[in-house]
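So the chains spell out like this:
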Amino acid sequence: MENAELEKHLIDSSKRSEKVIIWNFSLGSFHFIEYHFKTIRRDRNDMVFEPATGFLNLEGLKQIITGSGRLNIYLEESKIFVRTHFKSIDEKYVITTSLPDLSMKEERRSEERLLISNIDVNLLRNGKIEKGVLSDISTGGASLFLTERKSTIPQVEDEIEDLHLISEELKKLGSAKVVAVRKIPPYQEHYPFPVWKISLSFDTQLNLTKYLKEL
């Protein structure tokens, strides 16, 4: 996103105390907490977040603050993802971070999506072949459950070097980029173990009719 556009979104978000999800990946684990966006202070180059009303996940907070120092923040209403760096936390658990060094606005795919099931895929990520199950697909992107992970925990902006349908033969879909990530607890879907649901944006528009028979 352009800086001016992002700044406008952040100012509007802070004015309405928008709910945010703050998360990071540390020691191979995923940790998150729910907060509210309190204010953006451009003169100090920082943003301030305060705990959401109700239960405060102190263990999750501890894991996030003692991680790498990088904090990922998702503005739920605005559908904006930003990456920041932790600065401080006070006695009321109010968190101060840097201004974003990376931002992305989640764009909902406008193309018609085919909802599908039981279609296995292979994906090449960080030079390693992983396994997944396709959830939906359109000409511009797809979402899938990552059921066999061999590389790091997936993150927004990860490159998917190659994606194949597994039918009677491998059908190449091409390369893509991860635009959203969500951890799915055991039995929330069809899996007795935790899986990652990732949304992808194809680097090149897909000729979907070419694959209808396989789907």
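Structural notes, computed from the coordinates. (Residues numbered from 1 in each chain as written. Predicted model: local features only at pLDDT ≥ 70, side-chain atom pairs only at ≥ 80, totals over all residues. Heavy atoms only, no water.)

Looking at the overall build of the protein
(1) Moving on: Scanning the protein from terminus to terminus reveals two helices and 14 strands.
(2) Moving on: Long-range contacts, defined as pairs at least 24 residues apart, comprise 55% of the intrachain contacts of the protein with a sequence gap of at least 6.
(3) Moving on: Surface exposure of the protein reaches about 11900 Å², of which carbon and sulfur atoms provide 48%. (Helix = DSSP H or I, 4+ residues; strand = E, 2+ residues; numbered from the N terminus. Contact = heavy atoms within 4.5 Å. Areas by Shrake-Rupley, 256 points an atom, 1.4 Å probe, with all protein chains shown as cover.)

Topic: the pattern of salt bridges
(1) Moving on: Within this structure, the stated rule accounts for 12 salt bridges.
(2) Moving on: Between K8 and D12 there is a salt bridge whose closest N-O contact spans 3.2 Å. Placement of both K8 and D12 in helix α1 (residues 3-15) is noted, with a separation of four residues, approximately one turn of the helix.
(3) Moving on: The class for D12 is partly exposed, based on a relative accessible area of 29%.
(4) Moving on: Shared partners join several salt bridges into a network, and the residues in it are R16, E18 and E77. (Salt bridge = Lys/Arg side-chain N within 4 Å of Asp/Glu carboxyl O. Buried < 20%, exposed > 50% of the residue type's maximum accessible area, 1.4 Å probe, protein only.)

A word on the environment of H85
(1) Moving on: Structurally, the position occupied by H85 is in strand β5 (residues 80-89).
(2) Moving on: Taking the C-alpha atoms as reference, H85 lies 8.4 Å from N72; in sequence the two are 13 residues apart.
(3) Moving on: Those residues in contact with H85 that sit more than four places away from it in its chain are G69, R70, T97, S98 and D101.
(4) Moving on: Within polar-contact distance, the side chain of H85 engages the side chain of D101 at 3.1 Å. (Polar contact = N/O pair within 3.5 Å; in protein donor to acceptor, adjacent residues only side chain to side chain.)

Concerning α1
(1) Moving on: Compared with the 18 Å implied by 1.5 Å per residue over 13 residues, the 18 Å span of α1 between its first and last C-alpha is a close match.
(2) Moving on: Along α1, the residues classified as buried are L6, L10, S13 and S14. Buried residues of α1, seen end-on, are gathered within an arc of 95° and therefore sit on one face of the element. Exposed residues lying more than 90 degrees from the buried face of α1 are A4, K8 and K15. (Expected span 1.5 Å × (residues − 1). Arc of directions from axis to C-beta.)

Concerning the pairing of β5
(1) Moving on: Sheet topology note: the strand β4 (residues 70-75)/β5 ladder contains six bridges and is antiparallel. Its bridge partner being in β5, Y74 is matched across the sheet by F81.
(2) Moving on: Hairpin connection, β4 to β5: the antiparallel pair is bridged by four residues, and K79 has positive phi, about 60°.
(3) Moving on: With four bridges connecting them, β5 and strand β7 (residues 102-105) associate as antiparallel partners. Looking at the pairing, I80 lines up with K105 of β7.
(4) Moving on: Bridging between β5 and strand β6 (residues 95-98) involves three bridges; their strand directions are antiparallel. Bridge assignment links F86 to a residue of β6, and that residue is T97. (Pairing = 2+ DSSP bridges.)

Here we look at the environment of R42
(1) Moving on: Here R42 is to be found in the loop between β2 (29-41) and β3 (46-51).
(2) Moving on: Each C-alpha atom, one on R42 and one on S98, is 9.9 Å from the other, the two residues being 56 residues apart in sequence.

Points about the packing of aromatic side chains
(1) Moving on: Under the criterion given, the structure shown has four aromatic pairs.
(2) Moving on: Within the aromatic cluster, the residues linked to one another by ring pairs are F145, Y191 and F193. (Phe/Tyr/Trp six-rings, centres within 6.5 Å; stacked < 30°, edge-to-face > 60°.)

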